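# Architecture and fold: a report
Next come the chains, spelled out residue by residue.
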Amino acid sequence: MSLAIPIFDAHIHVGPHDRMNESARRVMLDGRNDLDLLGRVMSSADELLRAMDAEGIARAALINSVAPDVLGITDLVNPWVARYVEGHRDRLVPVGGIHPRHSRDVVADVKKLLDVYRLGAIKLHPPHMEMAANAYRTDCPSLADVYRLAGEAKRPVLIHTGTSIFPGARNVYADPMACDDVAVDFPGTTLVLCHAGRPLWYETAFFLARRHPNVLLDISGIPPRKLLEVLPRISEIADRVLWGTDWPSKGVRSMRRNVEDFLSLPLSDAVRRKILFDNAAALFASE
Ligand SMILES: [Zn+2]
């Protein structure tokens, strides 16, 4: 089946997996039969582009975040992903992160992400950073600089919402409702709620996308065939939903198969096109 619509997978994980701590790496890599492919993809963008061509994927955002304590991933991911996409920014969007409690100068570090590494977005992962998305209101004031500077640079902030099963993850920070504060306090900053609160908070994520014009959802990690069960009114917010697979996370059969499953849903062509390509292409057009 050829895919008539160009596909923008706005949530795949290509990053320095070898830098993860042992327990996180096990969750990611144990028991898979595609380690060979993964090893090649992580070492060269040409290999990733070849895999995307084979799967009919036009563009992708490479999602990385900084989680030194839980995953062992430091801010080295930022130069890593910037270097990885060199020469391929027409198809690959580099996404990195910052952990304000591990940064001595948050303003300078965020500017570096935006201006030197030219990241397409900044990702925050509250359960892996052990920090609420609205922690600038309590114990981490400098988190506000991340939202403010990203907004000024017209770059979105991607926030993981929903549970994590990685060892040490703190799911008390997984509820997307903390993002309500962020959307209120930073109306000029576009927020993407990754995974739409999967699997416990779909209604909260949908509510936030309807309430706030600066909130989008990405539907990565949700089995596409279940999408209309968990987000039955998704067509009402079709302008603010991004396609993503979370590949190569376990349970994702392939980038292409997820698209095919999505295309089997009773959605209009206009809705499909917005979700599969147009919304992400517009969001990541600022570069
Ligand atoms: Zn992910």
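Residues numbered from 1 in each chain as written. Predicted model: local features only at pLDDT ≥ 70, side-chain atom pairs only at ≥ 80, totals over all residues.

### Describing the overall build of the protein chain
Convention followed: What counts as a helix is a DSSP run of H or I of at least four residues, what counts as a strand is a run of E of at least two, and both are numbered from the N terminus. Every radius of gyration here is taken over C-alpha atoms, with the globule rule written as 2.2 Å times N^0.38, N being the number of residues. Think of it as a crowd count around each C-beta: if 20 or more other C-beta atoms lie within 10 Å the residue is buried, if 12 or fewer it is exposed, and in between it is partly exposed, with C-beta placed from the backbone throughout.
Each helix and strand counted, the protein chain has twelve helices and eight strands in total. Taken against the 2.2 N^0.38 rule, which gives 19 Å for 287 residues, the C-alpha radius of gyration of the protein chain at 17 Å falls within 12% of a compact globule. Principal-axis analysis of the C-alpha atoms gives the protein chain an extent of 50 × 40 × 35 Å. With 287 residues in all, the protein chain has 48% of them scored as buried.

### Description of helix H8 (residues 178-185)
Turn by turn, an α-helix covers 3.6 residues, leaving residues three or four places apart pointing in a common direction. The criterion, for reference: Working definition: the arc comes from the directions between the helix axis and the C-beta atoms, pointing outward to the latter. By the convention adopted here, residues are in contact when the distance between their C-beta atoms, placed from the backbone, does not exceed 7 Å.
For H8, the full list of buried residues reads Cys 179, Val 182 and Ala 183. Each buried residue of H8 sits inside an arc of 95° when the element is viewed along its axis, so together they form one side. Those residues of H8 that are buried are in contact with helix H7 (143-152), strand E5 (157-160), strand E6 (191-194), helix H9 (202-211) and strand E7 (215-218).

### Examining the sheet that holds strand E3 (residues 92-97)
The pairing of strands in a sheet comes from backbone hydrogen bonds and takes either a parallel or an antiparallel form. Filter applied, for reference: Here, any two strands with at least 2 DSSP bridges between them count as paired. Angular values range over 0 to 180 degrees, each being the angle between N-to-C directions of two axes fitted as lines to C-alpha atoms, with helices fitted over their stretch in contact.
Here eight strands make up an open sheet; going across it, the order is E1-E2-E3-E4-E5-E6-E7-E8 and the pairing parallel. Sheet topology places strand E1 (8-12) and strand E8 (241-242) at the edges, where each strand pairs with a single neighbour. Summarising the sheet, strand E2 (residues 59-63) and E3 pair through four bridges and their orientation is parallel. Bridge pairing links Leu 62 to Pro 94 in E3. In this fold H9 packs onto E6 and E7, with an angle of close to 145° to the strand it touches most, E7.

### Some words on the packing of helix H2 (residues 35-43) against helix H3 (residues 45-55)
Where we set the bar: What sets the label is the angle itself: under 35 degrees gives roughly parallel, over 145 gives roughly antiparallel, 65 to 115 gives roughly perpendicular, and the rest give oblique. All amino acids are sorted into three groups, where Ala, Val, Leu, Ile, Met, Phe, Trp, Tyr, Cys and Pro are nonpolar, Asp, Glu, Lys and Arg are charged, and the leftover types, Gly among them, are polar.
Direction vectors running N to C along H2 and H3 enclose 125°, while the axes themselves pass 5 Å from each other. Viewed along their axes, H2 and H3 adopt a mutual orientation that is oblique. Judged by residue contacts, Leu 37, Arg 40 and Val 41 of H2 engage Glu 47, Leu 48 and Ala 51 from H3. Looking at side-chain class alone, the contact of H2 with H3 contains four nonpolar, no polar and two charged residues.

### Examining helix H5 (residues 106-116)
Among all positions in H5, only Val 106, Asp 109, Val 110 and Leu 113 are buried. Within H5, the buried residues cover an arc of 100° as seen down the axis, which keeps them to one side. The outward face of H5, more than 90 degrees from its buried face, is lined by the exposed residues Ala 108, Asp 115 and Val 116. Packing partners of the buried residues in H5 comprise helix H4 (77-84), E3, strand E4 (121-124) and H7. Immediately downstream of H5, the backbone of Arg 118 shows phi near 50°, a positive value.

### What to know about the nonpolar core
Side chains of nonpolar character tend, in soluble globular proteins, to be buried together. Our working definition: The term nonpolar core refers to a group of buried residues, namely Ala, Val, Leu, Ile, Met, Phe, Trp, Tyr and Cys, whose C-beta atoms join them within 7 Å.
Formed by 90 residues in total, the largest nonpolar core has its most connected members in Leu 62, Val 146, Val 157, Ile 159 and Leu 193. Discounting chain neighbours no more than four positions away, the residues touching Val 157 are Ala 121, Ile 122, Leu 124, Val 146, Tyr 147, Ala 150, Thr 189 and Leu 191.

### So, the pairing of E1
The element E1 is extensively covered by neighbouring structure, given that five of its five residues are classed as buried. One ladder, built from three bridges, connects E1 with E2; its direction is parallel. Directly across from Ile 12, in E2, lies its bridge partner Leu 62.

### Digging into the pairing of E6
For clarity, the threshold we go by: By convention a crossover is right-handed if, when the strands point away from the viewer, the path from the first strand over the helix to the second runs clockwise.
Of the two faces of E6, the one carrying Leu 191 and Leu 193 and the one carrying Val 192 and Cys 194 are both buried. Sheet analysis places E5 next to E6, joined by four bridges and oriented parallel. The residue bridging His 160 from the neighbouring strand is Cys 194, located in E6. One crossover worth recording links E5 to the parallel E6 by way of H8, and it is right-handed. Summarising the sheet, E6 and E7 pair through four bridges and their orientation is parallel. Bridge pairing in E7 places Val 192 opposite Leu 216. For the crossover from E6 across H9 to E7, the handedness is right-handed.

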